[in-house]
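Here is how the chains run, residue by residue.
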Amino acid sequence: MSIPIHTGAELDAMRLAGRLAGEVLDYLTPLVKAGVTTDELDKLAHDYMVNVQGCIPAPLNYAPGGHRPYPKSICASVNDAICHGIPNDRALKNGDIVNLDITVIKDGWHGDSSRMYIVGEGSIAAKRLCKVTYEAMWKGIAQVRPGGRLGDIGHAIQTYAENHGFSVVREYCGHGIGRKFHDEPQVLHYGRPGTLQEMIPGMIFTIEPMINAGKRDIKSKNDGWTVVTKDRSLSAQWEHMILVTETGYEVLTVSAGSPPPPDFITATKT
Ligand code: MF3
Ligand code: CO
Ligand code: CO
């Protein structure tokens, strides 16, 4: 059990991988419209990663213990899908909410980020869930500092989500990332302040809360990957990759098209 500490050129490699993941999401933004299928988005994203960016799509054939190889290059989780949705031939329709989760490998280093997209005009409830989930991710990010503990992150996210009447999925968490897609530490999106691993400069991990409009319980579909809410309520997720710095944090998956941080994030911390 050891958590990688990154320095020097490794940090620049991870900054590049992170930005490239964000740029795939930027590229997809205008393409997410009523009538497009998630299969079409998968193919476009695949070609962009491979031919434009010179990257490998990490999900394709990814097969962690107990899972069949993942069959596509991106994850697309629509409405009640929480995560790991497999792109398919169903057309997106007005009002759908969809999480697109991109993981690139650039020069052996992973960049992992996801965003929510609302197709056409979303309901008030759908827009609120996506916004609160985005803010919950940033509440977690704002806790990142050397000497802080991972439990501070989970507590901030859980408190914010539950105060808005939503629930936090417990079965999936953020993760260390670098040469490995999923490394130590696990970053829970719930918990108690002052508990768990101490954050140390050079650690890199994702924060990727999955927040349900209804109950937190999950159900796995028989495709071997897709996870949905048991009560069929909407679910949202955002994901950034965070470096612990000497003074706070640096978000590695920012790109030109990233939504701005919420107003409660004041200074740019580096
Ligand atoms: N990108 C996901 C994460 O944030 C993992 C997807 S694994 C896949 O950790 F195989 F489903 F792509
Ligand atoms: Co991740
Ligand atoms: Co991801």
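The structure under discussion appears in the preceding block.
Cut-offs and rules
Residues numbered from 1 in each chain as written. Chains lettered and ligands numbered in written order. Predicted model: local features only at pLDDT ≥ 70, side-chain atom pairs only at ≥ 80, totals over all residues. Heavy atoms only, no water. Pairing = 2+ DSSP bridges. Helix = DSSP H or I, 4+ residues; strand = E, 2+ residues; numbered from the N terminus. Buried < 20%, exposed > 50% of the residue type's maximum accessible area, 1.4 Å probe, protein only. Polar contact = N/O pair within 3.5 Å; in protein donor to acceptor, adjacent residues only side chain to side chain. Contact = heavy atoms within 4.5 Å. Axes fitted to C-alpha atoms, helices over the stretch in contact; angles between N-to-C directions. Donors = N, O, S within 2.8 Å, 3.2 Å for Na, K, Ca; no water. Tetrahedral: all angles 85-135°; square planar, octahedral: opposite > 155°, others 65-115°. Parallel < 35°, antiparallel > 145°, perpendicular 65-115°, else oblique. Left-handed = near helix turned anticlockwise from the far one by under 90°.

Q: Quick rundown of the sheet that holds strand E6 (residues 167–168)? Include the residues and the values.
A: Overall, antiparallel pairing links the three strands, which are arranged E6-E10-E13 in an open sheet. The two strands at the open ends of the sheet, each matched to only one other strand, are E6 and strand E13 (235–237). Sheet topology note: the E6/strand E10 (residues 210–212) ladder contains two bridges and is antiparallel. Looking at E10, one finds that serine 167 is bridged to asparagine 212.

Q: With reference to specific residues and values, describe the side chain of threonine 253.
A: Locating threonine 253 in the fold gives a position in the segment after strand E15 (249–251). Its relative accessible area of 0% is what places threonine 253 among the buried residues. Side chain to side chain, threonine 253 and histidine 240 meet in a polar contact 2.8 Å long. Here methionine 241 takes part through its backbone nitrogen, which lies 2.8 Å from a polar atom of the side chain of threonine 253. When sequence neighbours within four positions are dropped, the list of residues in contact with threonine 253 reads Gly18, Arg19, Gly22, Asp112, Ser113, His240, Met241 and Ser258.

Q: Report on the sheet that holds strand E12 (residues 227–229), specifying residues and quantitative values.
A: Strand order in the open sheet formed by three strands is E3-E12-E11, with antiparallel pairing between adjacent strands. Two strands in the sheet have a free side with no partner beyond their single neighbour: strand E3 (81–83) and strand E11 (218–220). Neighbour-to-neighbour, the strand axes of the sheet open up by a mean angle of 40 degrees, direction not taken into account. Bridge count between E3 and E12: two bridges; the pairing is antiparallel.

Q: I'd like to hear about the coordination of the cobalt ion (ligand 2), residue by residue, with values.
A: All of the protein donors around the cobalt ion (ligand 2) are Asp112 (OD), His175 (NE2), Glu208 (OE) and Glu239 (OE); their distances to the metal are 2.0 to 2.3 Å. With six donor atoms in place around the cobalt ion (ligand 2) and angles of 50 to 161 degrees between them, the coordination shape is irregular. Sequence spacing among the residues donating to the cobalt ion (ligand 2) works out to D-x62-H-x32-E-x30-E. Here the cobalt ion (ligand 3) and the cobalt ion (ligand 2) are spaced 3.3 Å from one another, each receiving a donor from aspartate 112.

Q: Any details on the packing of helix H1 (residues 9–28) against helix H2 (residues 38–52)? Residues and values, ideally.
A: Two elements in contact, H1 and H2, have axes whose closest approach is 10 Å; the angle formed by their N-to-C orientations is 135 degrees. When the axis of H1 is compared with that of H2, the two are oblique. For the element pair H1 and H2, the recorded crossing hand is right-handed. Within the contact between the two elements, H1 uses Glu23, Val24, Tyr27 and Leu28 and H2 uses Leu41, Leu44, Ala45, Tyr48 and Met49.

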